[in-house]
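Commentary on secondary and tertiary structure
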Amino acid sequence: MIKNVQAIDERLDSDCLYSQVPAFSSSDRAMLDVLAVTRAGQLTVLELKADEDIHLPLQGLDYWSRVAWHQARGEFQKCGYFPGRALAAADPLLLLVAPALRIHPATDTILRYLSADIDWTLLAIDERWRQDLRVVFRKRPSLPA
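Below is a summary of the structure that appears in this document. (Residues numbered from 1 in each chain as written. Predicted model: local features only at pLDDT ≥ 70, side-chain atom pairs only at ≥ 80, totals over all residues. Heavy atoms only, no water.)

Turning to the packing of aromatic side chains, a few remarks are in order. The full count for this structure, using the stated rule, is four aromatic pairs. Relative to Phe82, the ring of Tyr18 lies with its centre 5.1 Å away and its plane at 80°, an arrangement referred to as edge-to-face. Remark: Phe82 occurs in the loop between helix 2 (75-78) and strand 4 (93-99) and Tyr18 occurs in strand 1 (residues 12-25); sequence separation between them is 64 residues. Relative to Phe82, the ring of Tyr81 has its centre 6.5 Å away and its plane inclined at 45°; by these criteria the two rings are tilted. In this structure Tyr81 comes out as buried when scored by relative accessible area, which is 19%. By relative accessible area, which is 0% here, Phe82 ends up buried. (Phe/Tyr/Trp six-rings, centres within 6.5 Å; stacked < 30°, edge-to-face > 60°. Helix = DSSP H or I, 4+ residues; strand = E, 2+ residues; numbered from the N terminus. Buried < 20%, exposed > 50% of the residue type's maximum accessible area, 1.4 Å probe, protein only.)

Shown next, in the form of structure tokens:
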């Protein structure tokens, strides 16, 4: 999937992304699936699931918060990430990606509780994503009525 990241979101710079990025929080260590940047310089967290997983939105939120924390301290470029790129000051994007038929039924409910300050998108991909990566539908936060 990482080879064709622009099929997920055309804003992403396919020449400027990292997979399995360590992200620390206190003494806890986690591995981000993909850390990317848009062509406009906005950091983007991609959380990927191949199978149904109720943890998708909360794991993505955890990684998003770690990236935002490190970004606020300018640590990515200090550690050699995104050399020569100007990173935008905007909060990171959060892209949650899973095959359409494998998105856990509780995902919508959980996503309703994320802060409106988090720019998230749930991307459902075709079940044959290994042969042809294609987004079937996208879901973004609903605007208040």
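So, about the state of the cysteines. On inspection of all chains with the given rule, the structure shows zero disulfides. Free cysteine: Cys16, not disulfide-bonded; nearest cysteine sulfur from Cys79 at 15 Å. (Disulfide = S-S within 2.5 Å.)

The next subject is the pattern of salt bridges. On inspection of all chains with the given rule, the structure shows 10 salt bridges. In this structure, the salt-bridge partner of Arg11 is Asp9, at a minimum N-O distance of 2.7 Å. Of the residues examined, Arg11 reaches a relative accessible area of 35% and is grouped as partly exposed. Of the charged contacts in the structure, one is a salt bridge between Glu127 and Arg102, with a shortest N-O distance of 3.6 Å. Taken together, the residues span a long stretch of sequence, with Glu127 in the loop between strand 5 (119-125) and strand 6 (135-139) and Arg102 in the loop between strand 4 and helix 3 (107-111) at a distance of 25 residues. Residue Arg102 is classed as partly exposed on the basis of its relative accessible area, which comes to 36%. A single network of salt bridges, built from pairs that share partners, joins Glu47, Lys49 and Asp53. (Salt bridge = Lys/Arg side-chain N within 4 Å of Asp/Glu carboxyl O.)

So, to be careful, I would describe these as geometric facts and stop short of saying anything about function.
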